[in-house]
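Listed below, chain by chain, are the residues.
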Amino acid sequence: MTTATKSLRAISMLAISLLSFVLFLSACGKEANNATTTTGETTETTTDAPKTTKEIHIGYQKYGTVNILKAQGTLEKRYESEGYKVTWTEFPGGPQLLEALNVGSIDIGHTGEAPPIFAQAADTPLVYLSHEPVSPKSEGIIVPKDSKITTLADLKGKKIALNKGSNVHYLLVKALEKAGVDYKDITTVFLKPGDARVAFENGSVDAWVIWDPFLAAAQTATGAKLLTDGEGLVSNIEFYLASRSFAEANKPAIDSFIDELNKVDEWSKANQKEVAALLSPQLGIDIPSLELASGRRDYGVLPIDDAIIEAQQKIADTFFNLQLIPKEITVKDATLK
């Protein structure tokens, strides 16, 4: 055997030895990552499998505690620690938000009293989670500053803009009832808030039924006259809702959401000027208008009880009698058991 042949064989043997050593180290590493712990007769195997993150889709409107919660970012931090990721989607009103909940685009949202009634009548699988205190001054019926309309009775025969199926729909019904004007004797023009503001300013409609902060913004910017707010007519309650399937399968996430809302409400009640400054860039609404709106509402998250369900049922029955919803509903069916 030549010297060259001996050298090649030696190199080959060295390479095989090195390869065997590398494979041995790799096997040891895998065993370390799949540690086995024995306790008595029980053997437990732990792995370094990555944590799964579940996405929560939250719908919100252009004002309310949810906006403050979003601006502060505290919910995202809490949900991240609990294995959830938040996706936010803005809607022009409650009806549009609940349409998204119906098709599964969002899991949680907030609206006033009327939208969940229209949604339940359309077989949307929603459930009531909790609610804010009454806020009757946070919505109203306004007319242009130079309008000859001075009383609710003057609305007879007039065009009135509103977002169909929203909270203010019930305000309009109750206001006309108080004035002795038949609902059929006015012309409703169903528009989203942005389009309604344009129609209101260019004179395409005679009056506008709207909620804060759009109400406050119209008052401060155009000098609009307030014919009436909801005081003595409606409660105007904000509800937090979820799809039934999500609420039943994710109770800890629902509890965290409500808990963070409570914390934000406590802070907001004591810091209303800061709330206006915080929301102004997010909403694109001036600070004076937001301060006006903030001063007309109360804060706090309250549980759903029999009195609230009864009040909602009264609204639902009113809408059915006016043929505004296609069938009778039982509001209690939309509560968690």
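So, how was this worked out
- Residues numbered from 1 in each chain as written.
- Predicted model: local features only at pLDDT ≥ 70, side-chain atom pairs only at ≥ 80, totals over all residues.
- Heavy atoms only, no water.
- Phe/Tyr/Trp six-rings, centres within 6.5 Å; stacked < 30°, edge-to-face > 60°.
- Buried < 20%, exposed > 50% of the residue type's maximum accessible area, 1.4 Å probe, protein only.
- Axes fitted to C-alpha atoms, helices over the stretch in contact; angles between N-to-C directions.
- Helix = DSSP H or I, 4+ residues; strand = E, 2+ residues; numbered from the N terminus.
- Parallel < 35°, antiparallel > 145°, perpendicular 65-115°, else oblique.
- Left-handed = near helix turned anticlockwise from the far one by under 90°.
- Contact = heavy atoms within 4.5 Å.
- Arc of directions from axis to C-beta.
- Pairing = 2+ DSSP bridges.
- Salt bridge = Lys/Arg side-chain N within 4 Å of Asp/Glu carboxyl O.

Colleague: Lay out the packing of aromatic side chains with the relevant residues and their values.
Modeller: In this structure the tally under the stated criterion is 8 aromatic pairs. Plain terms: the ring middles of tyrosine 79 and tyrosine 84 are 5.4 Å apart, the flat faces sit at 55° to each other, and that makes the pair tilted. For the pair tyrosine 79 and tyrosine 84, a shared accessibility class is recorded, and that class is buried. Aromatic pair tyrosine 240 and phenylalanine 257: ring centres 6.0 Å apart, planes at 85°, arrangement edge-to-face.

Colleague: Help me get a handle on the packing of helix α4 (residues 94-102) against helix α5 (residues 114-121), residues and values and all.
Modeller: Look at α4 against α5: their axes get within 9 Å of each other, and the N-to-C directions meet at 40°. One element, α4, and the other, α5, form an angle in the oblique class. For the crossing formed where α4 meets α5, the hand is right-handed. Two secondary-structure elements touch here, α4 through Gly94, Pro95 and Leu98 and α5 through Pro115, Pro116 and Ala119.

Colleague: Describe the environment of leucine 283, naming the residues involved and giving the relevant values.
Modeller: Relative to the assigned elements, leucine 283 resides in helix α11 (residues 272-283). For the pair formed by leucine 283 and glutamine 61, sequence separation is 222 residues and the distance between their alpha carbons is 9.6 Å. Setting aside its immediate chain neighbours within four residues, leucine 283 contacts Lys62, Tyr63, Asn67 and Leu290.

Colleague: So what about helix α7 (residues 193-202)? Which residues, and what values?
Modeller: For α7, the complete set of buried residues consists of Pro193, Ala196, Ala199 and Phe200. Taken down its axis, α7 places every buried residue within 120° of arc, on the same side. Contacts from the buried residues of α7 go to β7 (139-143), β8 (159-162), β10 (207-211) and α8 (214-222). Following α7 by one or two positions, glycine 203 adopts a phi angle in the positive range, close to 85°.

Colleague: An account of the sheet that holds β7 is requested, with residue identities and associated values reported.
Modeller: The mixed open sheet is built from 5 strands, whose spatial order is β9-β8-β10-β7-β11. Every other strand in the sheet has two partners, leaving β9 (187-190) and β11 (225-229) as the edge strands with one partner each. Pairwise comparison of adjacent strand axes, ignoring direction, gives a mean angle of 30° for this sheet. Sheet strands in contact with α7 are β7, β8 and β10, and its direction is about 150° off that of β10.

Colleague: Explain the pattern of salt bridges residue by residue, including any values.
Modeller: Evaluated as defined, the whole model comprises 18 salt bridges. With a closest N to O distance of 3.8 Å, lysine 62 and glutamate 90 form a salt bridge. Here lysine 62 is found in the loop between β3 (54-60) and α2 (65-72), whereas its partner glutamate 90 is found in strand β4 (residues 84-90), with 28 residues between them in sequence. Look at the salt bridges and you will find they share partners, linking Arg78, Glu82, Asp259, Glu260 and Lys263 into a network.

By themselves, these observations are geometric and do not establish any function.
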